[in-house]
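# Commentary on secondary and tertiary structure
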Amino acid sequence: MDSTNTQLLIDAAKSIIDNAVALQKGEPTGKKGMENYSHFSASVHSFQVYTFIDPEFESFQPLKDFKQAVAKFDEHYSKLRYEINVKADQKASKPDLEALQEQFEKLKQAFNG
């Protein structure tokens, strides 16, 4: 795997983590909640785009595990995409945030090998 491509992917994954933390600690409802979810969602999209720049990424298990952790965390907040009055359960999302952070560390270790 190309080191430039892996660094782009790690940077995009770090953006997901930063936005996930902001989402988990921020307003769980309303306009601010929707705004935080929008930032998280945009960083996930950017990350997904970067996964296509290197064909080796498709079969890289730590990357698959990270993507799965992102999807699991997203389940707690995806309703904020369309509904302003819905409240996200931040307490319930905390274990999935921790799992996401753990998978990020494993992804970094796997790339830096």
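Quick summary incoming for the structure in this document. (Residues numbered from 1 in each chain as written. Predicted model: local features only at pLDDT ≥ 70, side-chain atom pairs only at ≥ 80, totals over all residues. Heavy atoms only, no water.)

On to the packing of helix α2 (residues 30–50) against helix α3 (residues 61–74). Direction vectors running N to C along α2 and α3 enclose 160°, while the axes themselves pass 12 Å from each other. Comparing their axes, α3 and α2 come out roughly antiparallel. For the element pair α2 and α3, the recorded crossing hand is left-handed. Together, Tyr37, Phe40, Val44 and Phe47 of α2 and Leu63, Phe66, Lys67, Val70, Phe73 and Asp74 of α3 make up the contact between the two elements. Tallied by class, the residues present in the contact of α2 with α3 amount to 8 nonpolar, no polar and 2 charged. (Axes fitted to C-alpha atoms, helices over the stretch in contact; angles between N-to-C directions. Helix = DSSP H or I, 4+ residues; strand = E, 2+ residues; numbered from the N terminus. Parallel < 35°, antiparallel > 145°, perpendicular 65-115°, else oblique. Left-handed = near helix turned anticlockwise from the far one by under 90°. Contact = heavy atoms within 4.5 Å. Nonpolar A, V, L, I, M, F, W, Y, C, P; charged D, E, K, R; others polar.)

So, about the packing of aromatic side chains. Under the defined criterion, the tally for this structure stands at 7 aromatic pairs. Relative to Phe40, the ring of Tyr37 lies with its centre 6.1 Å away and its plane at 45°, an arrangement referred to as tilted. One end of the pair is Tyr37 and the other is Phe40, both in helix α2 and 3 residues apart, which spans about a single turn. Note on Tyr37: relative accessible area 3%, which makes it buried. Using a relative accessible area of 1% as the deciding quantity, one classes Phe40 as buried. Judged by centre distance (5.2 Å) and plane angle (65°), the rings of Phe47 and Phe66 are edge-to-face. In this pair, Phe47 is assigned in helix α2 and Phe66 in helix α3, connecting sequence segments 19 residues apart. Phe66 shares its class with Phe47; the two are buried. In textbook terms, an aromatic cluster arises when at least three aromatic residues are bridged by ring pairs, as seen for Tyr37, Phe40, Phe73 and Tyr77. (Phe/Tyr/Trp six-rings, centres within 6.5 Å; stacked < 30°, edge-to-face > 60°. Buried < 20%, exposed > 50% of the residue type's maximum accessible area, 1.4 Å probe, protein only.)

Here the focus is the pattern of salt bridges. Should their charged atoms come close, side chains of opposite charge can pair. Counted under the stated rule, the structure contains 6 salt bridges. Between Lys32 and Glu35 there is a salt bridge; the shortest N-O distance is 3.3 Å. Taken together, the residues Lys32 and Glu35, both in helix α2 and 3 residues apart, mark about one turn of the helix. Of the residues examined, Lys32 reaches a relative accessible area of 42% and is grouped as partly exposed. Put simply, Lys106 and Glu102 hold a salt bridge, and the shortest N to O gap is 3.3 Å. Remark: Glu102 and Lys106 occur in helix α4 (residues 90–112); sequence separation between them is 4 residues, near one turn of the helix. (Salt bridge = Lys/Arg side-chain N within 4 Å of Asp/Glu carboxyl O.)

Right, let's get into helix α1 (residues 3–25). Since the α-helix turns once every 3.6 residues, residues separated by three or four places project in the same direction. Its 23 residues place the ends of α1 33 Å apart at the C-alpha level, agreeing with the 33 Å of an ideal helix rising 1.5 Å per residue. When α1 is considered as a whole, its buried residues turn out to be Asn5, Thr6, Leu9, Ile10, Ala12, Ala13, Ile16, Ile17, Asn19, Ala20, Leu23 and Gln24. The elements touched by buried residues of α1 are α2, α3 and α4. (Expected span 1.5 Å × (residues − 1).)

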